[in-house]
Amino acid sequence: MRYISIIMPVTEWERWGSALPLPSYKRTLTSHTGYKIQVAYELKYKPTKPNDWYFIADIQRMYQAMIGAVTFDDHLIIEGNGWESNGTAYTLQELKVFPTDERAYPMIIRWATSKKTFRSKAFTYAKRLKYEGLLCYPSMMGALSAMNSKMKKTEQHKVRTLQRLTNDILAQSDQWDTKLPKEALRAVRSDLGKQRAEQLQAEKQDRVIQIKEAIDKGDFTKPNGEINKTKLADYLNVDRRTIFTLLPLVMAMMIVILWIKPACNFPSLFPYSLGGSERGATI
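As the structure is a computational prediction, the values presented were derived from the model and not from experiment. (Residues numbered from 1 in each chain as written. Predicted model: local features only at pLDDT ≥ 70, side-chain atom pairs only at ≥ 80, totals over all residues. Heavy atoms only, no water.)

**Digging into the overall build of the protein**
- Check the secondary structure of the protein and you find 10 helices and 6 strands.
- Scored against the burial criterion, the 283 residues of the protein give a buried share of 34%.
- When contacts within the protein are restricted to residue pairs at least 6 apart in sequence, those whose partners lie at least 24 apart make up 71%.
- Of the roughly 18600 Å² of accessible surface on the protein, 54% is carried by carbon and sulfur atoms. (Helix = DSSP H or I, 4+ residues; strand = E, 2+ residues; numbered from the N terminus. Buried < 20%, exposed > 50% of the residue type's maximum accessible area, 1.4 Å probe, protein only. Contact = heavy atoms within 4.5 Å. Areas by Shrake-Rupley, 256 points an atom, 1.4 Å probe, with all protein chains shown as cover.)

Listed below in structure tokens is the structure:
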């Protein structure tokens, strides 16, 4: 990686261009969304150590946080016409113009011990980076460089192999999970909480009906008229505490039903009203 290359809409360049270092190279691009500016900062030295790659990833992240609709070209080769150049090269520290969010990269726990296990371990860690919102070309190169350095000299990969593996990982990462932002996470948890509450309420209602139907059979009533809670719990295959908790609700429901039934049967409530009218008519 010889350049840190940033592509942004012209409006963003007009807004932030004066705050950025003078580009080593700059050109105007055309697209279906309008004109864009591509700037490239030539590095005084190529990144080789893990910390160099992580530093570049931090720079990209800080630029992305400040500049709208910004993208990066991690494989830029300067060729052809249309480039404005001033010949300036930069150290990584000179390109750190915005504050970082100081998020730490996840610790690498599963280290590769041979070339055979290197690819699987790399993908495992890449999915963790993607979940944390930290996966990009330089951060993955930093991780692979660190993993590579821990292996025996005879087992270590060449840089080009690490580059190809990083490109392969990024090509397959679109379908991987990403951690939700805090606001979205709260909304999801709220929805899940409501769903769980509704589920528990439905389960409670079903259990109440089961208890009532079992009591109606008359097989769980002691001679003294009390409900045999232990026998009822064994029959329904539930904890005895569930019976203790729901039994008052069941008994209350049964009392309400006893009150409602006569009210729906007018002749039983007023046995003489209709008969009295008939007698009056006879007289």
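**Considering the pairing of strand β2 (residues 25–31)**
- Sheet analysis places β2 next to strand β3 (residues 34–43), joined by 7 bridges and oriented antiparallel. Note that in β3 the partner of K26 across the bridge is V39.
- As judged from the 2 bridges shared by β2 and strand β5 (residues 84–85), these two strands associate in the antiparallel manner. When the sheet's bridge partners are listed, K26 is paired in β5 with E84. (Pairing = 2+ DSSP bridges.)

**So, the packing of helix α2 (residues 50–66) against helix α4 (residues 137–149)**
- Where α2 contacts α4, the axes come no closer than 7 Å and their chain directions differ by 165 degrees. By the angle between their directions, the pair α2 and α4 is classed as roughly antiparallel. Helix-helix and strand crossings are classified by hand; for α2 and α4 the assignment is left-handed. In contact with P50, W53, Y54, I56, A57 and Q60 of α2, α4 contributes Y137, P138, S139, M141, G142, A143, S145 and A146. (Axes fitted to C-alpha atoms, helices over the stretch in contact; angles between N-to-C directions. Parallel < 35°, antiparallel > 145°, perpendicular 65-115°, else oblique. Left-handed = near helix turned anticlockwise from the far one by under 90°.)

**Details of α2**
- Here α2 is 17 residues long and its end C-alpha atoms lie 25 Å apart, about the 24 Å a rise of 1.5 Å per residue gives.
- For α2, the complete set of buried residues consists of D52, W53, Y54, I56, A57, I59, Q60, R61, M62 and Y63.
- Buried-residue contacts for α2 involve β1 (3–9), β3, β4 (71–72), α3 (115–131) and α4. (Expected span 1.5 Å × (residues − 1).)

**With respect to a positive patch on the surface**
- A cluster of basic side chains, namely K115, K158, R160 and R164, defines a positive patch on the protein surface.
- Following the sequence through the fold, K115 ends up in helix α3. (Patch = residues over 30% accessible without salt bridge, like charges linked within 9 Å, V, L, I, M, F, W, Y side chains within 5 Å. Salt bridge = Lys/Arg side-chain N within 4 Å of Asp/Glu carboxyl O. Lys, Arg positive; Asp, Glu negative; His and termini not counted. Charge placed at Lys NZ, Arg CZ, Asp CG, Glu CD.)

**Brief notes about unusual backbone geometry**
- The backbone of A69 shows a phi angle near 55 degrees, a positive value even though the residue is not glycine.
- Here A69 lies in the loop between α2 and β4.
- You can call A69 exposed: its relative accessible area is 59%.

**A short note on the packing of α3 against helix α5 (residues 159–172)**
- Axis separation between α3 and α5 bottoms out at 11 Å; the angle between their running directions is 45 degrees. Between α3 and α5, the interaxial angle falls into the category oblique. You can see that α3 and α5 cross each other, and the crossing is right-handed. The segment α3 lies against α5, with F118, R119, A122, F123 and A126 engaging L162, L165, D168, I169 and Q172.

**Let's talk about the environment of V250**
- Along the chain, V250 falls in helix α8 (residues 240–263).
- The class for V250 is buried, based on a relative accessible area of 0%.
- With 40 residues separating them in the primary sequence, V250 and Q210 have C-alpha atoms 9.6 Å apart.
- The residues touching V250, leaving out its near neighbours within four places in the chain, are V208, I211, K212 and I215.

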